[in-house]
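Architecture at a glance
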Amino acid sequence: MTEPVLDVHLTPEDAALALRAEARAGLTARPKWVSPKWFYDAVGSELFEEITRLPEYYPTRAEREILVARADEIARTTGARALVELGSGSSEKTRLLLTALRGHGTLEEFVPLDVSSSALVEAARAILADYPGLRVHGVVGDFTEHLGLLPGAPPRLVAFLGGTIGNLIPEERDKFLSSVRDVLGAGEWLLLGADLVKEPDVLVRAYDDARGVTAEFNRNVLRVVNRELGADLDPADFAHVALWNAEEEWIEMRLRALRPVRSHVAALGLDVEFAEGEELRTEVSTKFRRAGVERELAAAGFELHRWWTDEEGRFALSLARAVG
């Protein structure tokens, strides 16, 4: 087994500077917010893996159901020589696509992109071990900034799975989809996972499970802020809140101060205060309708080619082609 090739466009120092800038912007805003990027330290990543196995959290199972059923069709339709996965993480679901594309006889290269070099190398080595002869060219970068630097010979299939597109607000989605289109040539492909609008109680339970794993995941963001920025926030001072915003059609995760809170954020030279009941927004997770996805793809220069849902209609995969 050879080692994966790795392009590093985001160093730990770059990431730290970016997070500090975002933290200053969010903690001085009204209402306050932090980026969901802060969730995924080692503890947060383990908690999220646990969330994906909870009975209330359907998106991971629903998306996998679609991939199991449609991976061969995706391979036949795209004939992709390179599979590019944005925000690759462990690349577990992507193996279904890799296997299908290899079976179709076109796959030559896998290009995973992730902000964590250690996670990327670990995942890339596992892929190399299981897919002998496949070129693996990892990219350490942020999918909101470094898409123009992606390698891979056309035709490429860019996969953005897990419903992560929902963590971007509309303006960010427009920019992201346009950036993907700018990278791709006419006729290349985007595979997009999107959670769908459904009954609010089903949605809220998915983000506020009975065991409290999501609450612990949400509060862990404060531990990350403490460690990375020298703050002294006590997670026990905050309650986990998940609510459905019907106007925006997204779930909001927040942390609500149970009492007045004051913290000094040493790395920013900033004092932050929360009144009792004041909330810190940690994530939005937009839920989509087919018409909206098709409209946003078209605005970015894509034509929707296929639309698949799981059997219960909870989650969708869309396969779109870049138009000239």
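Scroll up a little and you will see the structure.
Residue positions are given per chain, counting from 1 as you read along its sequence in written order. Where totals are concerned, whole chains, interfaces and linings use all residues; where local detail is concerned, this predicted model gives features only for residues with pLDDT of at least 70, and gives and counts side-chain atom pairs only at 80 or more. Just so you know, side-chain values use all the structure's heavy atoms and leave hydrogens and water out.

1. Quick look at helix H1 (residues 12-27)
Going by this rule: Secondary structure elements follow DSSP: runs of H or I of four or more residues count as helices, runs of E of two or more count as strands, with numbering from the N terminus. Expected span of a helix: the number of residues minus one, times 1.5 Å. Only protein chains enter the accessibility calculation, which uses a 1.4 Å probe; a residue whose area is less than 20% of its type maximum is buried, one above 50% is exposed, and one in between is partly exposed. The directions from the helix axis to the C-beta atoms are what the arc is built from. Two residues form a contact once any of their heavy atoms are found within 4.5 Å.
Under the 1.5 Å per step criterion, the end-to-end length of H1 is 22 Å for 16 residues, consistent within 8% with the ideal 22 Å. Those residues of H1 that sit buried are Ala 23, Gly 26 and Leu 27. Projected onto a plane normal to the axis of H1, the buried residues spread over an arc of 80° and lie on a single side. Residues Glu 13, Leu 17 and Ala 21 are exposed on H1 and point more than 90 degrees away from its buried face. Check the buried side of H1 and you find it contacts strand E2 (32-33), helix H8 (213-229), strand E10 (261-265), strand E11 (270-274) and strand E12 (279-286).

2. Topic: the packing of aromatic side chains
So the rule is basically this: Each pair of aromatic rings taken from Phe, Tyr and Trp, with Trp reduced to its six-membered ring, is defined by centres within 6.5 Å and is described as stacked if the planes are under 30 degrees apart, edge-to-face if over 60, and tilted in the remaining cases. A ring is considered to have a charge above it if a Lys NZ or an Arg CZ atom is located within 6 Å of its centre and within 35 degrees of its normal.
On inspection of all chains with the given rule, the structure shows 9 aromatic pairs. Each ring, one from Phe 39 and one from Tyr 40, has its centre 6.2 Å from the other, and the planes form 80°; the classification is edge-to-face. Here the aromatic residues Phe 39, Tyr 40, Phe 48, Tyr 57, Tyr 207 and Phe 217 are joined through ring pairs into a cluster of three or more. The residue whose ring lies beneath Lys 32 is Phe 274, and the NZ or CZ to ring-centre distance is 4.8 Å.

3. Details of the pattern of salt bridges
Heads up, the condition is: In what follows, salt bridge is the name for a side-chain nitrogen of Lys or Arg lying within 4 Å of a carboxyl oxygen of Asp or Glu.
This structure, assessed with the given rule, holds 26 salt bridges. Two residues, Lys 93 and Glu 63, come together in a salt bridge whose shortest N-O distance is 2.2 Å. Of the two residues, Lys 93 sits in the loop between strand E3 (82-86) and helix H4 (94-104) while Glu 63 sits in helix H3 (residues 59-78), which places them 30 residues apart along the sequence. The buried category is assigned to Lys 93, whose relative accessible area is 18%. Across the salt bridge formed by Arg 173 and Glu 296, the nearest N and O atoms sit 2.9 Å from each other. Taken together, the residues Arg 173 in helix H6 (residues 170-183) and Glu 296 in helix H9 (residues 290-300) connect sequence positions 123 residues apart. Glu 296 shares its class with Arg 173; the two are buried.

4. Overview of the pairing of strand E13 (residues 302-309)
The following threshold applies: Here, strands pair whenever DSSP counts at least two bridges between them.
Strand direction decides the pairing type here: E13 and strand E14 (residues 315-322), joined by 7 bridges, are antiparallel. Paired with Trp 308 across the strands is Leu 317, a residue of E14. Linkage of E13 to E14, two consecutive antiparallel strands, is achieved through a turn of 5 residues, within which Gly 313 is found at a positive phi near 70°.

5. Quick word on the environment of Ser 118
Relative to the helices and strands, Ser 118 is located in helix H5 (residues 117-130). Residues Ser 118 and Gly 44 lie 74 residues apart in sequence; the distance between their C-alpha atoms is 15 Å.

6. Comments concerning the pairing of E12
Burial within E12 is extensive, with 7 of its 8 residues counted as buried. In this structure, E2 lies alongside E12, joined through 2 bridges in parallel fashion. When the bridges of E12 are listed, Trp 33 appears paired with Arg 281. Inspection of the sheet shows strand E9 (residues 250-257) paired to E12 by 7 bridges, in the antiparallel sense. Opposite Arg 254, over in E12, you have Arg 281 as the bridge partner.

7. What about the sheet that holds E2?
Within the open sheet, the 4 strands sit side by side as E2-E12-E9-E8. Their pairing is mixed. This sheet does not close on itself; its edge strands, each paired only once, are E2 and strand E8 (238-245).

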